[in-house]
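Residue-level structure breakdown
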Amino acid sequence: MRAVKQLSAAFPQGWRTRFAPAPTGWLHLGHAVSALYVWGIARAFGGRVLLRVEDHDRGRARPEYERGIFDDLAWLGFEPDEVAPPQRERGAAYAAALAALEAAGLAYPCACTRREIGALSGDFFNEESRYPGTCRGRALDGAAHVARRVLMSDEMESFDDLRLGAQWQVPSSQCGDVLVRDRRGQWTYQFAVTVDDRDQAIDVVIRGEDLLSSTGRQLRLAQMIGRTEPPRYLHHPLIRSADGSKLSKSAGDTGIRELHAAGRTSGEVLGMAALAAGLVDTPRATTIAELPALFAR
Ligand SMILES: [Zn+2]
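Everything in this summary refers to the structure shown in the same document.

Analysis parameters
- Residues numbered from 1 in each chain as written.
- Predicted model: local features only at pLDDT ≥ 70, side-chain atom pairs only at ≥ 80, totals over all residues.
- Heavy atoms only, no water.
- Helix = DSSP H or I, 4+ residues; strand = E, 2+ residues; numbered from the N terminus.
- Polar contact = N/O pair within 3.5 Å; in protein donor to acceptor, adjacent residues only side chain to side chain.
- Core = buried A, V, L, I, M, F, W, Y, C linked by side-chain atoms within 4.5 Å.
- Buried < 20%, exposed > 50% of the residue type's maximum accessible area, 1.4 Å probe, protein only.
- Contact = heavy atoms within 4.5 Å.
- Pairing = 2+ DSSP bridges.
- Donors = N, O, S within 2.8 Å, 3.2 Å for Na, K, Ca; no water.
- Tetrahedral: all angles 85-135°; square planar, octahedral: opposite > 155°, others 65-115°.

1. What about the side chain of Glu157?
Locating Glu157 in the fold gives a position in strand E6 (residues 157–161). Engagement of the side chain of Glu157 in a polar contact is seen with the side chain of Arg220, the distance being 2.6 Å. A polar side-chain atom of Glu157 sits 3.2 Å from a polar atom in the side chain of Gln223.

2. So, the nonpolar core
Core analysis: the largest hydrophobic core is formed by 40 residues, its most contacted members being Leu36, Ile41, Leu73 and Phe78. Elements with a contribution of two residues or more to this core: helix H1 (29–44), strand E2 (48–51), helix H2 (63–76), strand E9 (204–208), helix H8 (256–261), helix H9 (266–276) and helix H10 (291–296). Top contributing element to this core by residue count: H1, with ten residues. If sequence neighbours within four positions are ignored, Phe78 has contacts with Ala32, Ala35, Leu36, Trp39, Leu73, Leu270, Ile288 and Leu291. Residues Tyr94, Ala107, Trp187 and Leu221 belong to the second largest nonpolar core, which totals 17 residues.

3. So, the sheet that holds E2
Here three strands make up an open sheet; going across it, the order is E1-E2-E3 and the pairing parallel. Looking at which strands have only one partner, the edges of the open sheet turn out to be strand E1 (16–19) and strand E3 (82–83). Where E1 and E2 come together, four bridges link them in parallel fashion. Counted as the bridge partner of Arg16 is Arg48 from E2.

4. Digging into the coordination of the zinc ion
Around the zinc ion, the protein supplies Cys110 (SG), Cys112 (SG), Tyr131 (OH) and Cys135 (SG) as donor atoms, at distances of 2.2 to 2.3 Å. Taken together, the four donor atoms coordinating the zinc ion and their angles of 102 to 120° define a geometry best described as tetrahedral. We note that the donor set of the zinc ion lies within a single chain, spaced as C-x1-C-x18-Y-x3-C. Separated by 19 residues along the polypeptide, Cys112 in the loop between strand E4 (107–109) and helix H4 (114–121) and Tyr131 in the loop between H4 and strand E5 (148–150) bring together distant segments of the chain. The pair Cys112 / Tyr131 is uniform in exposure class, with both members buried.

The following block contains the structure:
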């Protein structure tokens, strides 16, 4: 594993990154760790931070969570250089990107339910089930079936993660043809972020290792929607609960609001995040101004 501090040469002049939480719960310590990486690396190496609310999941997004994102980041001292439009306002851009793929014969309607796909791929209990291509070539009525998938050819995608080094992924064997719009007409995470990252000129994506396996398919989608210069990626380690499980939004004891309400200062919470991320060895309060030194020293 490479140290981030050796990477100053990897960042182009005036580069852009983003912090992109979903308003489907309150921010917790895991988000603070991610924000610390995003802002710390951007401030250390001359990048700009765009804040994007990823509310593509209309069934789970709630306005109070969206307000919470802005309030908690402001309290912690994470100031974005730019705020992107939320994904609910980007439907026309996603529709145009899909229309271009359909015109090129690279997307097709899908009539499958989630349950059918799980049964077909024999992988129902696995978090990632592979779509077996059931509706490829079925000539379904696109008006009656609004879900769309994009063809994933069998090539490998390789990329150089700025922290983890060389990576190889084959999207067609990981997930099959990628769902870009679901049965309810909602845009999927994979497609929305790829179109957003292109349109918002994101050069470096800094995010948790839980999304490492999505990178190959996002690189492929980016090429397919005409992005010539793909973004670089840096996947940071995830913090774990005491029992070793991944922190979730339901982990109320690490909620930023709860810590705030319990009388913690923002400096103490940043210190907890830096300690949880392994960026400091001892528990101590820290400030936003000190973050770049954690990466650039
Ligand atoms: Zn299908």
